[in-house]
Amino acid sequence: MARLLFRSEFASEAWCAYGESLMADEGFFDPIAHFFFLRARLWRSCRVLVDVGLNAGTMSESAAAEFLIRKAKLPRGAAVREVRRYAG
């Protein structure tokens, strides 16, 4: 009942990450699928850090874009668009 009243994208994202982790732990992924699983996990982690940094005021938009370029290996244009989406 509480999930119906307090629906959150965070909860959905967390359950997806948990399910993917279980699948990886149980060996459901071949090496290529495991690579993409790890890449998605890295991307999710970077998104969280950027979102929190922007909202807490500890990261500027340009620093957030540089972080995504450096850590998530996004192209500059994609990084800038993502940061604008989070900051908007």
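Residues numbered from 1 in each chain as written. Predicted model: local features only at pLDDT ≥ 70, side-chain atom pairs only at ≥ 80, totals over all residues. Heavy atoms only, no water.

Chemist: Any chance you could explain the nonpolar core here in plain terms?
Modeler: As a rule of thumb, soluble globular proteins bury nonpolar side chains together. The biggest cluster of nonpolar side chains holds 13 residues, and the ones touching the most others in it are V50, L54, L68, A79 and V83. When contributions to this core are tallied by element, the ones reaching two or more residues are α3 (31-56), α4 (61-71) and α5 (76-87). The contacts of V83, once residues within four sequence positions are left out, are V50, L54, E61, A64, A65 and L68. (Core = buried A, V, L, I, M, F, W, Y, C linked by side-chain atoms within 4.5 Å. Buried < 20%, exposed > 50% of the residue type's maximum accessible area, 1.4 Å probe, protein only. Helix = DSSP H or I, 4+ residues; strand = E, 2+ residues; numbered from the N terminus. Contact = heavy atoms within 4.5 Å.)

Chemist: In this structure, what is going on with the pattern of salt bridges? I would like to understand it.
Modeler: Counted according to the given criterion, the structure contains three salt bridges. One salt bridge in this structure joins E20 and R44, with 2.9 Å as the shortest N-O distance. Linking E20 in helix α2 (residues 9-25) with R44 in helix α3, this pair joins segments that are 24 residues apart in sequence. Note on E20: relative accessible area 25%, which makes it partly exposed. Where R76 meets E66, a salt bridge forms, and the shortest distance between an N and an O atom there is 2.6 Å. Residue R76 is found in helix α5, and its partner E66 is found in helix α4; the two are separated by 10 residues along the sequence. On the accessibility criterion, E66 (34% relative accessible area) is partly exposed. (Salt bridge = Lys/Arg side-chain N within 4 Å of Asp/Glu carboxyl O.)

Chemist: Sorry, what's going on with the packing of aromatic side chains here?
Modeler: Counting across every chain of the model gives three aromatic pairs. When the ring of W15 is compared with that of Y18, the centres are 5.7 Å apart and the planes differ by 80°; the resulting orientation is edge-to-face. You can see W15 and its partner Y18 sitting in helix α2, three residues apart, about one turn around the helix. Look at Y18 and you get partly exposed, because its relative accessible area is 46%. Arranged with centres 5.5 Å apart and planes meeting at 40°, the rings of F29 and F37 form a pair that is tilted. Overall, the relative accessible area of 7% leaves F37 in the buried class. (Phe/Tyr/Trp six-rings, centres within 6.5 Å; stacked < 30°, edge-to-face > 60°.)

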